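Structure assessment
Take a look at the letters that make up each chain.
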Amino acid sequence: MIKVKNLSKSFKVPRKEAGLKNAFKSLIKKEYITKAALNNVSLEVSRGEILGLVGSNGAGKTTLVKILSGIISSSSGSVSVLDFDPWKRKNAYRRQLSLIMGQKAQLWWDLPAADSYLLLKEIYQIENKRFHSNLDKLTQYLGVKDQLNVPVRKLSLGERMKMELVAALLHDPQVIFLDEPTIGLDIISQKAIREFLKEYMLEHNPIMILTSHYMQDIEELCPRLALMRAGEIIYDGPLNEIKNKFGDIRSLKFDIDHQRSGLEDFFSKRDIKMQCTQNQVSVKIHKEKLTDCMKDLLNNFSISNIQTSQVDIDSVIESYLSYEKKS
Amino acid sequence: MKKNLNIFIHAFTIELRKVFAYKLEFWASFIFSVAAMVVVSYLLWQSIFEVNNVTQMKGYDLNELVIYYFCISITHKILVSSGMGIISRDIYYGDLNKYLLYPVSYQIFKSGTYFTKSLIYLCVLIISLLGFQFFLSADLNILTCLQGILLILSSTLAFFFLTTILELFAFWAENIWSLGIMIRSIMAFCGGWMIPLTFFPESIYNFIHYTPFPYLLYYPIQTLTNQPCEYSFFTLVLIHCFWILIFYGLQALVWHKGKYKYSGVGI
Ligand SMILES: Nc1ncnc2c1ncn2[C@@H]1O[C@H](COP(=O)(O)OP(=O)(O)OP(=O)(O)O)[C@@H](O)[C@H]1O
Ligand SMILES: [Mg+2]
């Protein structure tokens, strides 16, 4: 079980201004600015749960994961994972931990993956039998058996990512942090990895935190969602709830040839934000106002190709992040 | 213990494969640096001997001086291995992240990497000693040779910890290159890499014996090449143990302070 209470983290970064003169100045006296990356975060995740961690760039997701895995210290607050303090880096904790970083290779660059796995076997003291059965199962499932003996630097991004996943799961970890595991992958690989994670979840029942910018990952894997903005968690609850909160909103799209300016007036009068691409217009409208609005539109403008739909999760989160900012 | 040894061996073989993968670069840089040192010192000392019209100075003849420079420049390579970078690069580029996740000590990994090149150079040194014995009719002795090799090994361990201390300053400083160069120059001077210590004036000679470098570089070479040596083998072993403990303690302290500064860059 992960318990995080009032966790804050700030980074001290040297202030650097461009230019030679400032470079000399900083030689004599360095100025620092403190940058708050996490601000009073509290969170609990229990066994068998996957928490989806979502937020814009720089929101603090990776920082949270780094603290939970013991890579960096926290500034204040308390953290415990499986009753361990991650920062103490006890071997008993690290044997159960896995961090998958989409951004950064963990496998040894010059070695074939198979050799890295042998090293990991030694590091985690995996018994022979368990090692071979795990390796077989994982490589079979992800379809990378044939590339095991190719140096990692010669693999494609997707192949490498799958190798990384195998490496991260060989020791049957109980706590798994996935930081953008599907970044840069094609749709088929993304899907394979998602399916694979589901399977793993069913079989091992670990604690998992997944951060991703692809909403499909979150929708398929995480029943629970935490939204982060500027170092704070602004929503933590079921994914469905947040969808329902915006479930009354419909998205309306149509084509228009001219009369653009009139259209802007039309929507701003009704306090609706309009988005245009070439001659397609899209707006989000409360479902009760939808019929009236469409009637007026058809009476006053020549529009075609009208579509309405429920808003997708991307725009739900987008509007949630901006909605909370205003209030 | 067994686990740590296995990890050490793994790290060692990984580095070994890297050396083989980039072998041309490895040998070229090695041979060039040793050859340059030996040729330059040979020419220099030859002319010094000629001008003074002597065949021996402070107990060295030209032959012995060449052997001295050869041994000391290889031993210098053994001690500093691949030089600065193996740890600081991990800190600067965030490769440290993955090692912090493993239930194994980071230092074990890095010592494996460090010792790889050292041991390759050591093999070269041993083979050359055999060559000297047969072709330059050097006056070597099997016992002192073995003692010298043992001393070089423990010096390497001391140097690994010393390098670790310097490299860990990467937690605070944005560049530690100059720090490395500085220590390297002090070591070259005090360890007898430029000229054998007996050529120094008395005051400097006394002063540098307060630094660890004569014991870690100069005296092991004296023992190895069967030259007169002020300290017995066992005294040197004790002095080595002393410095190894000091450096080990210091690097643990610096690591302990520095880990709070680490911000896990790169992800
Ligand atoms: N090593 C560091 N040193 C200084 N500041 C940092 C460091 N790492 C992160 N930050 C700052 O902390 C904040 C949070 O960064 P973090 O990496 O946690 O964001 P994130 O939510 O993972 O973003 P992304 O979606 O882009 O990965 C950012 O403002 C970032 O600039
Ligand atoms: Mg991130």
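Residues numbered from 1 in each chain as written. Chains lettered and ligands numbered in written order. Predicted model: local features only at pLDDT ≥ 70, side-chain atom pairs only at ≥ 80, totals over all residues. Heavy atoms only, no water.

Focus: the packing of aromatic side chains
Put simply, the rule is: Stacked, tilted and edge-to-face pairs are distinguished by plane angle, under 30 degrees for stacked and over 60 for edge-to-face with tilted covering the rest, among Phe, Tyr and Trp rings (Trp via its six-membered ring) whose centres lie within 6.5 Å. Each residue's exposure class comes from its accessible area (1.4 Å probe, protein chains only) as a fraction of the maximum for that residue type: buried when under 20%, exposed when over 50%, partly exposed otherwise. Consider the ring centre and the ring normal. A charge sits over the ring if Lys NZ or Arg CZ is within 6 Å of that centre and within 35 degrees of that normal.
In total, this model carries 44 aromatic pairs over all chains according to the counting rule given. Look at tyrosine 99 of chain B and tyrosine 106 of chain B: their rings are 5.3 Å apart centre to centre, the planes differ by 55°, and that puts the pair in the tilted class. Look at tyrosine 99 of chain B and you get buried, because its relative accessible area is 8%. Geometry around tyrosine 32 of chain A places lysine 12 of chain A over its ring, the cationic atom sitting 5.0 Å from the centre. Across from the ring centre of tryptophan 87 of chain A, 5.6 Å away, lies the NZ or CZ of lysine 259 of chain B, which sits over that ring.

Considering the sheet that holds strand S4 (residues 76-81) of chain A
Residues and elements named next belong to chain A. Quick note on the threshold: Pairing between strands is defined by DSSP: at least two bridges between them are needed. Note on conventions: DSSP H or I runs of at least 4 residues are helices, E runs of at least 2 residues are strands, and numbering of each starts at the N terminus. For helices, the axis comes from a line fit to the C-alpha atoms of the stretch in contact; other axes are also lines fit to C-alpha atoms, and the angle between any two N-to-C directions lies between 0 and 180 degrees.
Strand order in the open sheet formed by 3 strands is S2-S1-S4, with antiparallel pairing between adjacent strands. Of all strands in the sheet, those with a lone pairing partner are strand S2 (32-45) and S4, marking the two edges. Adjacent strand axes in the sheet meet at a mean angle of 30° when their direction is disregarded. Bridge analysis of strand S1 (residues 2-14) against S4 gives 5 bridges, and the strand direction is antiparallel.

A closer look at the domain arrangement of chain A
Applicable threshold: Each domain's extent was defined by an automatic or database domain assignment.
Domain parsing of chain A yields domain 1 (2-10 + 41-243) and domain 2 (248-310). The C-alpha centroid of domain 2 of chain A is placed 42 Å from the C-alpha centroid of domain 1 of chain A.

As for unusual backbone geometry
In this model, asparagine 6 of chain A sits at a positive phi of 45°, which is unusual for a non-glycine residue. For asparagine 6 of chain A, the position within the fold is in strand S1. One non-glycine residue, asparagine 226 of chain B, lies in the positive phi region at around 60°. For asparagine 226 of chain B, a relative accessible area of 30% corresponds to the partly exposed category.

Looking at the site of ligand 1
Where we set the bar: Here a residue counts as near a molecule or strand whenever at least one of its heavy atoms sits within 4 Å of it. In protein, a polar contact requires one atom able to donate a hydrogen and another able to accept it; more generally it is a pair of N or O atoms within 3.5 Å, and residues adjacent in sequence count only if both atoms are side-chain atoms. Each accessible area is a Shrake-Rupley estimate made with a 1.4 Å probe; only the visible protein chains count as cover when residues are assessed.
Near ligand 1 there are 16 residues, and of these Gly58, Lys61, Thr62 and Thr63 of chain A together with Ser263 of chain B occur at the shortest range. Mapping the residues adjacent to ligand 1 onto the chains of the assembly identifies chains A and B. Between glutamate 180 of chain A and ligand 1, the recorded distance is 3.3 Å, taken from a side-chain N or O atom to an oxygen atom. Burial of ligand 1 by the surrounding chains reaches 77%, relative to a free accessible area of 640 Å².

Here's the deal with the confidence of the model for chain B
So the rule is basically this: The predictor rates its confidence in each residue with pLDDT, a number between 0 and 100.
Confidence in the prediction for chain B averages 91 pLDDT; 100% of positions are at 70 or higher. On the interface metric, ipTM, the complex scores 0.85, and its pTM is 0.88.

Structural notes on the pattern of salt bridges
Residue and element names in this part refer to chain A. Cut-off, in case you're wondering: The salt bridge criterion pairs a side-chain nitrogen of Lys or Arg with a carboxyl oxygen of Asp or Glu, the two atoms within 4 Å.
One pass over the full model with this rule turns up 15 salt bridges over all chains. Note that aspartate 217 is salt-bridged to arginine 194, the shortest N-O span being 2.7 Å. Of the two residues, aspartate 217 is situated in helix H8 (residues 215-221) and arginine 194 in helix H7 (residues 187-204); the sequence distance between them amounts to 23 residues. Looking at aspartate 217, the relative accessible area reads 1%, which means it is buried. Assessed through its relative accessible area of 3%, arginine 194 is described here as buried. With a closest N to O distance of 2.7 Å, aspartate 296 and arginine 270 form a salt bridge. With aspartate 296 in helix H11 (residues 287-300) and arginine 270 in the loop between helix H10 (260-269) and strand S11 (274-277), the pair connects residues that are 26 residues apart, well separated along the chain.

Some points on a nonpolar patch on the surface
All names here are of chain B. Going by this rule: To count toward a patch, a residue needs a relative accessible area over 30% and no salt bridge; like charges are then connected within 9 Å, while nonpolar side chains (Val, Leu, Ile, Met, Phe, Trp, Tyr) are connected within 5 Å.
Together, Ile126, Leu130, Phe134 and Phe135 line one region of the surface with nonpolar side chains, adding up to about 500 Å² of accessible area. Examined against the element boundaries, phenylalanine 135 turns out to sit in helix H6 (residues 106-135). Of the residues examined, phenylalanine 135 reaches a relative accessible area of 74% and is grouped as exposed.

Things to note about the environment of alanine 138 of chain B
All names here are of chain B. Heads up, the rule is: The contact criterion used throughout is that any non-hydrogen atoms of two residues lie within 4.5 Å.
Its location among the elements puts alanine 138 in the loop between H6 and helix H7 (142-168). Taking the C-alpha atoms as reference, alanine 138 lies 42 Å from leucine 168; in sequence the two are 30 residues apart. Alanine 138 has contacts with Ile67, Phe132 and Gln133, leaving out every residue within four places of it along the chain.

With respect to the nonpolar core
We count it as follows: Joining through side-chain atoms within 4.5 Å is the link that ties buried Ala, Val, Leu, Ile, Met, Phe, Trp, Tyr and Cys residues into a set, and such a set is a nonpolar core.
Counting residues in hydrophobic clusters, the biggest one holds 177 residues, and the most contacted among them are Tyr117 and Phe177 of chain A together with Phe109 of chain B. Examining the composition of this core, we find that 13 residues originate from one element, helix H3 (residues 62-80) of chain B, more than from any other.

Some points on the packing of H3 of chain B against H7 of chain B
For any two helices packed against each other, one specifies the crossing angle of their axes together with the interaxial distance. Residue and element names in this part refer to chain B. Definition in use: Any angle that is under 35 degrees is reported as roughly parallel, and any over 145 degrees as roughly antiparallel; angles of 65 to 115 degrees are reported as roughly perpendicular and all others as oblique. Gly is put with the polar residues, along with every residue not named as nonpolar or charged; the nonpolar set is Ala, Val, Leu, Ile, Met, Phe, Trp, Tyr, Cys and Pro, and the charged set is Asp, Glu, Lys and Arg.
Between H3 and H7, whose axes approach to 8 Å, the crossing angle comes to 45°. By the criterion of interaxial angle, the relationship of H3 to H7 is oblique. Between H3 and H7, the contacting residues are Thr75, Ile78 and Leu79 on the first element and Ile152, Ser155, Thr156 and Phe159 on the second. Considered class by class, the residues forming the contact of H3 with H7 number 4 nonpolar, 3 polar and no charged.

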